[in-house]
Amino acid sequence: MLLCIDTGNTNTVFALWDGTEFLCTFRCATEWQRTADQYFVWWSTLLHHNKIDAEIDEVIISSTVPRVVFNLRVMSDRYFNTRPYVIGKPDCLLPIAPRVDAGVQVGPDRLANATAAFDRHGGDVVVVDFGTATNFDVVAHDGAYVGGVIAPGVNLSLEALHQAAAALPHVDITKPQSVIGTNTVACIQSGIFWGYVGLINGLCERIKGEYGRPMKVVGTGGLAPLFSSGYALFDTIEDDLTMHGLTVIHRYNKDQNN
């Protein structure tokens, strides 16, 4: 059994892979103060509640929050008796190295997305990942991550607007009934929803034009289905893209070490 862990700035996702499919996926808030013991109690309690009996013998971690990695390593060693693969560390190999400026350290989640996109679609892909930031990852024809775009995330933009303008309320993200709002909440919802539809569509078109080859656009992250409902933004939506990339990277490392 392989435990895949993807730590983002806001949430951390744990998923259990049996070699064929994900048996379960659980999510918690990312908190660097959380200890190895706390992670394990949370994880084992959820497994027990869902009546899942699993003996984990492999772990792979993608983390954009370096301070969290130490306790995840300790959990893997203490409770699963295994040394985890950590994307971005020298002992965790990538199937295809990124082609970016010298000295640049690419986010591990972006490397996992690129690996998964190539495994599923064969390259020439733009991955739009909705997280704390909205990332656009460009995957070349041979599977290499070759760059991208980072834009403020949807929730981050909403929170910044609410904090900077005292009179503006915090609103839920939803598709408004019309572009022109007739009250404050509807105006904000329209600005966020249609503004991000325009942002995504515009950036993807510019990426395709600069790249110079036909490209597939893959959406991932919790808000991808919502924004796709307003416009044909994506060729496909894949909620498990990052986790799938972790399984591919893990399999590649195991093959290299055998």
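What counts, and where the lines are drawn
Residues numbered from 1 in each chain as written. Predicted model: local features only at pLDDT ≥ 70, side-chain atom pairs only at ≥ 80, totals over all residues. Heavy atoms only, no water. UniProt positions renumbered as here; feature names shortened; annotations may be inferred. 1 Å grid on protein atoms, 1.4 Å probe; cavity = no way out; pocket = protein on both sides within 12 Å on 5 of 7 lines; lining within 4 Å. Helix = DSSP H or I, 4+ residues; strand = E, 2+ residues; numbered from the N terminus. Buried < 20%, exposed > 50% of the residue type's maximum accessible area, 1.4 Å probe, protein only. Phe/Tyr/Trp six-rings, centres within 6.5 Å; stacked < 30°, edge-to-face > 60°.

As recorded by an unreviewed UniProt entry, the protein carries the name Type III pantothenate kinase and is attributed to Octadecabacter antarcticus 307. In its Subunit (unreviewed entry) section, the UniProt record describing the protein reads: "Homodimer." As stated in UniProt under Catalytic activity (unreviewed entry), the record for the protein gives "(R)-pantothenate + ATP = (R)-4'-phosphopantothenate + ADP + H(+)".

Draft legend 1. Representation of the UniProt feature "binding site: substrate" (unreviewed entry) in the protein within the structure. Mapped onto this structure's residue numbering, the UniProt feature "binding site: substrate" (unreviewed entry) falls at Gly 107, Pro 108, Asp 109, Arg 110 and Thr 184. Across 78 residues, the annotated set is spatially dispersed, with a maximum C-alpha separation of 38.6 Å. Here the residues from the annotation list that line the largest pocket are Gly 107, Asp 109 and Arg 110. As for its position among the elements, Gly 107 is in the loop between strand S5 (85-86) and helix H3 (108-121). Its relative accessible area of 22% is what places Gly 107 among the partly exposed residues.

Draft legend 2. Focus on the packing of aromatic side chains. Applying the stated criterion to the full structure yields 12 aromatic pairs. Ring centres of Phe 193 and Trp 194 lie 4.9 Å apart, and the angle between their planes is 85°; this geometry places the pair in the edge-to-face category. A residue is classified by how much of its surface remains accessible, and Phe 193, at 0% relative accessible area, is buried. Since its relative accessible area comes to 26%, Trp 194 is described here as partly exposed.

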